[in-house]
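# What the coordinates show
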Amino acid sequence: ICSYLDAQALGRLGQVCRRLRFLSSRDLLWRRIARGCLNSGFTQLGTDLAAGIPVKERVKVSQNWRHGRCRRETVLKWKRKQVAPFSSVFLMPWMELDGEYLYLSQAENIQAYQLCPDGMGLQRHPQAIFSGHQEDVCRFVLVNSHIVSGGGDGNIVLHKIHGSYSVKFSAHEQEVNCVDFQGGLIVSGSRDRTAKVWSLSAGRVGQCLHTVQTEDRVWSIAISPLLSSFVTGTACCGHTSPLRIWDLESGQLLTCLGTDFHRGAGVLDVFYETPSLLLSCGYDTYIRYWDIRTSTRKCVQEWEEPHDSALYCIRSDKNHMIASGSSYYGVVRLWDKRQTRCLQSFHLSSPTSSPVYCLRFSTTHLYAALASALHVLDFTAL
């Protein structure tokens, strides 16, 4: 009988007595409700990505995500990078979350900060620093306790988190704008208009397996969860689609996504939810949701940034929620795929303007890296 109750009814049932409170708090009863909530830790297929956290608590916090109830804090600040005696530029940070640690690129290094128990702050000093680049780190990924980074020096560096093992090799003639790492293979994209596949198998570490001529600058790249293909997002300065899928084994073009991109509609970030579902965003201000099973000519859903800003980064909970970072005033937006308009927005850099270069979130916190600060939104604080 309890399995047919909604969240409100289950909450009222738990107020009757201690026994019913215990019964009504079981994860089994809340799982169905949680799968329909925003960022509750369940994927579309029902996989639990946040095992260990009571499902009832996740449903409660999910309501804060939906209504935009959170506490904001700036947990880390840094200075501009000096490039000449009287000039400076902002850093373009990238980050990854891994359990109790947040990894953040700052200039040519990647620093590992331990999160405070409440998730709001960071330990003052980094627990580890991963170096190896002579110029700024453009992007990096964290997979299976390994960090793979691409830098402005054209090199790719591989670090093992727990140990001193590292590998560095020259990858491209210009900066490595994007990398991904899965199944013992690295894919990289560069301003030199190529994407490359690299081996990390024993005896072949750093060996280039394929070089793909994209005929355009590559801004984003991602390997399919099936490890059979990879997608590239390019600057869209030519006559081909900026979103193309390539065979990982042969390096041959498999398909192009979309036909109505305008010149300059470069794709700055891509994210695989499943082997057939893909999100993209970029300079044309749209978030696009692709289902490769149904059509490669047109996306199945799209959402437009309300203020006509480029979208620098995107992430999803692999279910209903999407988070995006805009190019002006540090605007982070939350979207519900079941709705056509933005659900919530947060301005993190007013009155000065800064893009949101990268964002990551858990079921309780969202972290956003801007030009000179790292911000966190705590959705459990209320």
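Throughout this description, residue numbers start from 1 for each chain and increase along the sequence as written. Whole-chain, interface and lining totals are the exception, using all residues; otherwise, since this is a predicted model, local features are given only for residues with pLDDT of at least 70 and side-chain atom pairs are given and counted only at 80 or more. Each side-chain value is derived from all of the structure's non-hydrogen atoms; neither hydrogens nor water enter the calculation.

For the protein chain, an unreviewed UniProt entry supplies the name FBXW4 protein and the organism Circaetus pectoralis.

### A word on the pattern of salt bridges
For salt bridges, the criterion is a side-chain nitrogen of Lys or Arg within 4 Å of an Asp or Glu carboxyl oxygen. In this structure the tally under the stated criterion is 13 salt bridges. A salt bridge links D284 to R288, with the shortest nitrogen-to-oxygen separation between them at 2.5 Å. Of the residues examined, D284 reaches a relative accessible area of 19% and is grouped as buried. Look at R288 and you get buried, because its relative accessible area is 7%. The shortest N-O distance in the salt bridge between E305 and R333 comes to 2.5 Å. With E305 in the loop between strand 23 (301-304) and strand 24 (311-316) and R333 in strand 26 (residues 331-336), this pair connects stretches of sequence that are 28 residues apart. Grouping residues by exposure puts E305 and R333 together as buried. Through salt bridges with shared partners, one network takes in R66, D336 and R338. Only protein chains enter the calculation, and the probe is 1.4 Å; a residue is then buried if its accessible area is under 20% of its type maximum, exposed if over 50%, and partly exposed in between. Going along the chain from the N terminus, every DSSP run of H or I of four or more residues is numbered as a helix, and every run of E of two or more is numbered as a strand.

### A look at the domain arrangement of the protein chain
Quoted interface sizes are often the accessible area lost when the parts come together. Residue ranges for the domains trace back to a domain assignment, done automatically or taken from a database. What the domain assignment reports for the protein chain is domain 1 (2-66) and domain 2 (94-213). Distance between the C-alpha centres of domain 1 and domain 2: 37 Å.

### A word on the sheet that holds strand 29 (residues 365-369)
Each strand in a sheet pairs with another by means of backbone hydrogen bonds, the pair being arranged parallel or else antiparallel. Within the open sheet, the 4 strands sit side by side as 1-30-29-28. Their pairing is antiparallel. In this open sheet, the two edge strands, each paired with only one partner strand, are strand 1 (71-77) and strand 28 (358-361). Averaged over all pairs of adjacent strands, the angle between strand axes in this sheet comes to 20°, irrespective of strand direction. At least two bridges found by DSSP between two strands is the condition for calling them paired. One ladder, built from 6 bridges, connects strand 1 with strand 30 (residues 373-378); its direction is antiparallel. Across the sheet, R71 pairs through a bridge with D378, a residue of strand 30. Lines fitted to C-alpha atoms define the axes here, with helix axes fitted over just the stretch in contact, and angles between the N-to-C directions of these axes take values from 0 to 180 degrees.

### With respect to empty space enclosed by the protein
Using only the protein atoms, space was sampled on a 1 Å grid; points where a 1.4 Å probe fits but cannot get out form cavities, open sets with protein on both sides within 12 Å along at least five of seven lines form pockets, and lining residues are those with an atom within 4 Å of a point. Grid points are joined across faces, edges and corners, and a volume is the space filled by probe spheres set on the points. Tallied over the full model, the rule gives 2 cavities of 30 Å³ or more. Considered as a void within the structure, the largest cavity measures approximately 40 Å³ in volume. The wall of the largest cavity is formed by F261, A265, G266, V267, S280, C281, G282, D284, Y286 and R288. When contributions to the lining of the largest cavity are tallied by element, the ones reaching two or more residues are strand 21 (277-282) and strand 22 (286-291). With 3 residues, strand 21 is the largest single contributor of residues to the lining of the largest cavity. Three residue categories are used. Nonpolar comprises Ala, Val, Leu, Ile, Met, Phe, Trp, Tyr, Cys and Pro, charged comprises Asp, Glu, Lys and Arg, and polar comprises the others, including Gly. For the lining of the largest cavity, the class distribution of residues is 5 nonpolar, 3 polar and 2 charged. Around the second largest cavity, the lining residues are E108, N109, I110, F130, S131, G132, H133, V137, S149, V157 and H159. Looking at the lining of the second largest cavity, the elements that each hand over two or more residues are strand 6 (109-114) and strand 10 (155-160).

### Looking at the packing of aromatic side chains
By convention, a stacked pair of Phe, Tyr or Trp rings (six-membered ring in the case of Trp) has centres within 6.5 Å and planes under 30 degrees apart, an edge-to-face pair has planes over 60 apart, and any other such pair is tilted. One pass over the full model with this rule turns up 8 aromatic pairs. Each ring, one from Y289 and one from W303, has its centre 6.4 Å from the other, and the planes form 45°; the classification is tilted. Here the residue Y289 occupies a position in strand 22, and W303 occupies one in strand 23, the gap between them amounting to 14 residues. The exposure classification of Y289 matches that of W303, with both residues buried. In this structure an aromatic cluster arises from ring pairing among W65, F346, F361 and F379.

### Section: the confidence of the model for the protein chain
Here the protein chain averages 90 in pLDDT, and 96% of its residues register 70 or above. Within a predicted model, pLDDT stands for the predictor's per-residue confidence, ranging from 0 to 100. We call two residues in contact when some of their heavy atoms are within 4.5 Å. Low pLDDT, under 50, characterises residues 82-88; the predicted model gives this stretch 6 contacts beyond four residues in sequence or across chains.

### Observations regarding helix 3 (residues 27-34)
L29, W30, I33 and A34 are the residues of helix 3 that are buried. Buried residues of helix 3, seen end-on, are gathered within an arc of 130° and therefore sit on one face of the element. On its buried face, helix 3 is in contact with helix 1 (7-13), helix 2 (18-24) and helix 4 (55-67). An arc is given here, and it is the one of the directions from the helix axis to the C-beta atoms.

### A closer look at the sheet that holds strand 22
Taken in spatial order, the 4 strands make up an open sheet running 20-21-22-23, and their pairing is antiparallel. Edge positions in the sheet fall to strand 20 (267-272) and strand 23, since each has one partner strand and no second. Averaged over all neighbouring strand pairs, the angle between strand axes comes to 15°, with direction disregarded.

### Description of unusual backbone geometry
Of note, the phi angle at N144 is positive, near 50°, even though the residue is not glycine. Here N144 is to be found in the loop between strand 8 (137-143) and strand 9 (146-151). Exposure remark for N144: the relative accessible area of 66% places this residue in the exposed category.

### Considerations on the environment of G154
If you trace the backbone, G154 turns up in the loop between strand 9 and strand 10. Contacts of G154, omitting those with residues within four sequence positions, involve S170, A171, H172, Q174, E175 and V176.

### Let's talk about the pairing of strand 18 (residues 243-247)
Summarising burial for strand 18: 5 of the 5 residues are buried, a large majority. Because side chains alternate across strand 18, one face comprises the buried residues L243, I245 and D247, and the other comprises R244 and W246, equally buried. Sheet topology note: the strand 17 (residues 229-234)/strand 18 ladder contains 5 bridges and is antiparallel. Bridge pairing links S229 to D247 in strand 18. Two elements, strand 18 and strand 19 (residues 253-257), share 4 bridges in a ladder whose sense is antiparallel. The partner of I245 across the bridge, within strand 19, is T255. Adjacent in sequence and paired antiparallel, strand 18 and strand 19 are bridged by 5 residues, among which G251 carries a positive phi angle near 80°.

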